[in-house]
Amino acid sequence: MEDREKIYPAADADVFARERLSAKRYGHTLRVAETAEDLARAHGVDPGRARLAALLHDAARERSSEEFLGLAEDLGLGVRESERESPKLLHGPVAAELARRELGVEDDEVLEAIRAHTVGRPGMGPLSLVLYVADKIEPARDYPSVENLRRLARCDLRAAAAESLRRSIAHNEERGRPTHPASIETLGWLEEAEEGA
Ligand SMILES: [Fe+2]
Ligand SMILES: [Fe+2]
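Here the residue numbering is sequential within each chain, running from 1 through the sequence in written order. Chains and ligands are labelled sequentially in the order written, the chains with letters from A and the ligands with numbers from 1. A pLDDT threshold of at least 70 governs which residues receive local features in this predicted model, and a stricter bar of 80 or more applies before side-chain atom pairs are shown or counted, although totals over entire chains, interfaces and linings include all residues. Side-chain calculation: all heavy atoms of the structure are included, whereas hydrogens and water are not.

### Some details on the nonpolar core
For clarity, the threshold we go by: We define the nonpolar core as a collection of buried residues of types Ala, Val, Leu, Ile, Met, Phe, Trp, Tyr and Cys that are connected through side-chain atoms lying within 4.5 Å of one another. Under the scheme applied here, a residue whose accessible area is under 20% of the maximum for its type counts as buried, over 50% as exposed, and between as partly exposed, the area being computed with a 1.4 Å probe on protein chains only. We call two residues in contact when some of their heavy atoms are within 4.5 Å.
Membership of the largest hydrophobic core comes to 58 residues, with the highest contact counts inside it found for L39, L56, V94, V105, V130, V133 and I137. What V105 contacts, discounting residues up to four positions off in sequence, is Y8, L52, L56, A99, R100, V110 and L111.

What follows is the structure in structure tokens.
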């Protein structure tokens, strides 16, 4: 238990992200970290681990599409068809693997949260939900339903994640873009739990 919860120093994760990101995306990263800490406190999740996952979540985001595919293959991450079409979808799994290899982050839930932050994952745990939602509602996010999501996130993280997934699937449909299968599976999983509640 203690090993699983071994916290990698957030200060190092901060430097890791800052060195790899533009000022704009680093700013987003810091806002997600603050938001994730707040949500974690509100929902009984460890805020330190939420901050760590948030600091690292977009650390690979500014690599090129070719680099994502090459890295994903080198790192042995399975690449799905939707990811081949849109390699940036791999920035979560690639960031998690870099955090593990280059920073020595061993906390599985932290790595899972980083991995799942873009498209979700069925069965995602509380820490993953905190990061997923924090990324969508950090203070600079500005879209019509964001205030509703912020309110929902205070009381029900799973409902907020489900609402955010519905919104992103609808958004893709409007633009004729495919949705990553994991997002559809995750929404199905969350809705099943809602119905069973
Ligand atoms: Fe991201
Ligand atoms: Fe992000």
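Don't stop here, the text continues.
### Considerations on the coordination of the iron ion (ligand 2)
Let me state the cut-off plainly: Coordination here is defined by N, O and S atoms within 2.8 Å of the metal (3.2 Å for Na, K and Ca), and since water is not considered, a site can look incomplete. Square planar and octahedral assignments, for four and six donors respectively, both demand that opposite donors be over 155 degrees apart and that all other angles lie between 65 and 115; tetrahedral needs four donors with all angles between 85 and 135 degrees, and anything else is irregular. Put simply, DSSP H or I for four residues or longer makes a helix, DSSP E for two residues or longer makes a strand, and each gets a number counted from the N terminus.
Protein-derived coordination of the iron ion (ligand 2) comes from H28 (NE2), H57 (NE2), D58 (OD) and D135 (OD), at a distance range of 2.2 to 2.3 Å. Classification of the site at the iron ion (ligand 2) as irregular follows from its four donor atoms and the range of 82 to 176° in their angles at the metal. Counting gaps between the donor residues of the iron ion (ligand 2) yields the pattern H-x28-H-D-x76-D. A gap of 3.5 Å separates the iron ion (ligand 2) and the iron ion (ligand 1), which D58 links by coordinating each metal. Taken as a pair, H28 in helix α2 (residues 23-42) and H57 in the loop between α3 (47-56) and α4 (65-74) lie far apart in primary sequence, 29 residues in all. H57 shares its class with H28; the two are buried.

### Quick word on the confidence of the model for the protein
Stated formally: Per-residue confidence from the prediction method is given by pLDDT, with values spanning 0 to 100.
Across the protein, pLDDT averages 92, with 95% of residues at or above 70. Low confidence marks residues 1-5, where pLDDT is under 50. Its contacts with residues over four positions away, or in another chain, come to five contacts.

### Considering the layout of surface pockets
Going by this rule: Note on definitions: the grid is 1 Å and covers protein atoms alone; a cavity is a set of points where a 1.4 Å probe fits but cannot get out; a pocket is an open set with protein on both sides within 12 Å along at least five of seven lines; lining residues have an atom within 4 Å of a point. Grid points are joined across faces, edges and corners, and a volume is the space filled by probe spheres set on the points. Residues are grouped as follows: Ala, Val, Leu, Ile, Met, Phe, Trp, Tyr, Cys and Pro are nonpolar; Asp, Glu, Lys and Arg are charged; every other residue, Gly included, is polar.
If you add up the space inside the largest pocket, you get close to 1,100 Å³. Forming the boundary of the largest pocket are 31 residues, of which R61, L89, T118, K136 and R177 lie nearest the centre. Looking at the lining of the largest pocket, the elements with two or more residues in it are α2, α5 (81-85), α8 (126-137) and α10 (157-174). Looking at side-chain class alone, the lining of the largest pocket contains five nonpolar, 13 polar and 13 charged residues. A volume near 230 Å³ is recorded for the second largest pocket. Lining the second largest pocket we find 14 residues, and of these E83, P93, R115, V119 and G120 sit closest to its centre. Class assignment for the residues of the lining of the second largest pocket results in six nonpolar, three polar and five charged.

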